[in-house]
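# Reading the structure
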Amino acid sequence: MQDGVLFFENFSHGEPIGACTPPPPGSASFGYAIEQTLYVGERKSETGETGNADFHITDGSVLSRLVEIGAFDGARSIGRISLFWSRLFISEKCRVGTRQSPQTNPDKLSASENGGVMIGQTLEILESGVVSLASDGFIQVGSLIDDGGLLGAVLVRDFGVLQGNGTIEGIVAMTGSSTLSPGTSPGTLTINGDLSMEPGVMLNIELGGTAPGEFDQLVVSGHVAVGGTVNVSFVDGFAPSVGDSFPVMQFGSQEGTFSKVVMPPGYAATGAGGEKTLSIVVTSVNPSVPAVSVWGLIALSLLVLAAGTVVLRSRFGSNTA
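Residues numbered from 1 in each chain as written. Predicted model: local features only at pLDDT ≥ 70, side-chain atom pairs only at ≥ 80, totals over all residues. Heavy atoms only, no water.

This part is about unusual backbone geometry. The phi dihedral of Trp85 is positive, around 50°, even though this residue is not glycine. For Trp85, a relative accessible area of 51% corresponds to the exposed category. Phi at Phe159 takes a positive value of approximately 75°, unusual for a residue other than glycine. As for its position among the elements, Phe159 is in the loop between β16 (153-156) and β17 (161-164). A relative accessible area of 39% places Phe159 in the partly exposed class. (Buried < 20%, exposed > 50% of the residue type's maximum accessible area, 1.4 Å probe, protein only. Helix = DSSP H or I, 4+ residues; strand = E, 2+ residues; numbered from the N terminus.)

This brings us to the packing of aromatic side chains. A complete count under the given rule lists four aromatic pairs for this structure. Note on Phe234 and Phe238: the rings are 6.3 Å apart at their centroids and 85° apart in plane angle, and the pair reads as edge-to-face. Classification of Phe234 by relative accessible area gives partly exposed; the value is 22%. Relative to Tyr267, the ring of Phe234 lies with its centre 4.9 Å away and its plane at 80°, an arrangement referred to as edge-to-face. (Phe/Tyr/Trp six-rings, centres within 6.5 Å; stacked < 30°, edge-to-face > 60°.)

Bringing the confidence of the model for the protein into the picture now. Here the protein averages 77 in pLDDT, and 72% of its residues register 70 or above. Low pLDDT (under 50) marks residues 1-5, which in the prediction has 25 contacts with non-local residues, meaning those over four places away or in another chain. Ignoring residues within four places in sequence, the model shows residues 7-30, a span with pLDDT below 50, making 56 contacts including any to other chains. (pLDDT = per-residue confidence, 0-100. Contact = heavy atoms within 4.5 Å.)

On to the pairing of strand β13 (residues 138-141), then. Judged by which residues are buried, β13 turns out to be covered on both faces: Phe138 and Gln140 on one side and Ile139 and Val141 on the other are all buried. Bridge analysis of strand β10 (residues 116-119) against β13 gives four bridges, and the strand direction is parallel. Within β13, the residue paired with Met118 across the bridge is Gln140. Here three bridges tie β13 to strand β18 (residues 166-169), and the two strands are oriented parallel to one another. (Pairing = 2+ DSSP bridges.)

Counted according to the given criterion, the structure contains five salt bridges. Residues Glu68 and Arg95 are paired through a salt bridge, measuring 3.0 Å at the closest nitrogen-oxygen approach. Of this pair, Glu68 sits in strand β4 (residues 61-69) while Arg95 sits in strand β8 (residues 87-96), placing them 27 residues apart in sequence. Two residues, Glu124 and Arg157, come together in a salt bridge whose shortest N-O distance is 2.9 Å. Here the residue Glu124 occupies a position in strand β11 (residues 122-125), and Arg157 occupies one in the loop between β16 and β17, the gap between them amounting to 33 residues. Judged by its relative accessible area of 19%, Glu124 falls in the buried class. One salt-bridge network, held together by shared partners, links Arg99, Glu124 and Arg157. (Salt bridge = Lys/Arg side-chain N within 4 Å of Asp/Glu carboxyl O.)

So, in C-alpha cells, the structure goes:
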C-alpha cells in the first residue's frame, strides 16, 4: 500500500493461507487474506516517489504470510498499522522500521482495545520502528512446541522501541541502543517468556505515586538477563520522598545488573533486589538542585568521586544527582 490510508472494518470474508499458530479462538476463517507480503509504506522504485501509508483494522482480521512496515530506497517511506478490537495474523515474519536513524515520525505497529498481532516466527523492530501496546493490546510470537511453549522471538534492534500496556507472548531480545518503555503514563507491560537486555539498552520508567498502578511495571514470567540503564521520570506532579520504594520489575529468575539508575535532577536512587523483584528506592532528595547539562553531570560526578564518596551498587547500580 502506497500514499494513502486504508481502513478495514466489520468484515468476515476470505480464506486463510499458510500456517498461523494458534488459530483465532472459535474462528474458522479470516476477514482478509494476503497470499504473500503486506507492504505498508513502500517507495515506488520506478518513479522515485515515496509511499507513506496507514493501515487501520477495526473489528476484523487480516492474515498475511509476511508483513513489512516502512521502507527505505534512497528516501524513507513511513508505514503504520493500527489494530482496534482486531487481529493481524502473520504466518511467518514481521518487520517494523528500517535501518535508518530514529525518526520523529517512526514506522509503527500498534494494538489497542484488545487488538492483537499473532506471528508465526519473528517480530523484528529496527532503528526507525516502534511497537506500541495499549488497553489490553497483545502480541504473540512463535509456533506452539511440544511442551506448550512458544518458539519465536521479538527482536528489538539498535534504536528500536517497544512500549506500552499489554502482553507479549514469546521471547524478547533488546539489543544495541534499543528502548523498552513499559506502561503508558504509567502502566504494566507483561512478557510471558524470557527477556534479555544488552548493555546499551534503555529502560524507561515513569513514577506517578507509590501505590500499585501509579508507576510503571515490567512483569516477565521467565528469565531476565539484565543490562543497560534505567531512566526514571516523574508524572502527574509526583515528587517522591526518601525511602519510597517502587517494585518496577517482576520475573521468574534473573541475572546481570543495570549499569545505573538515572533520576531527575535533585534525586538519587539505588536498586533493591528481592528473590523475584527489582525495586527502585529513593535515597536522597534535594529538589532545589537545578537541572544541569550532561557535561555538568560528568564534572559533578568526578568531583564527588574525588571527594571520596562511596557509591553503593546493587542489581540496579546507583546514581548521584
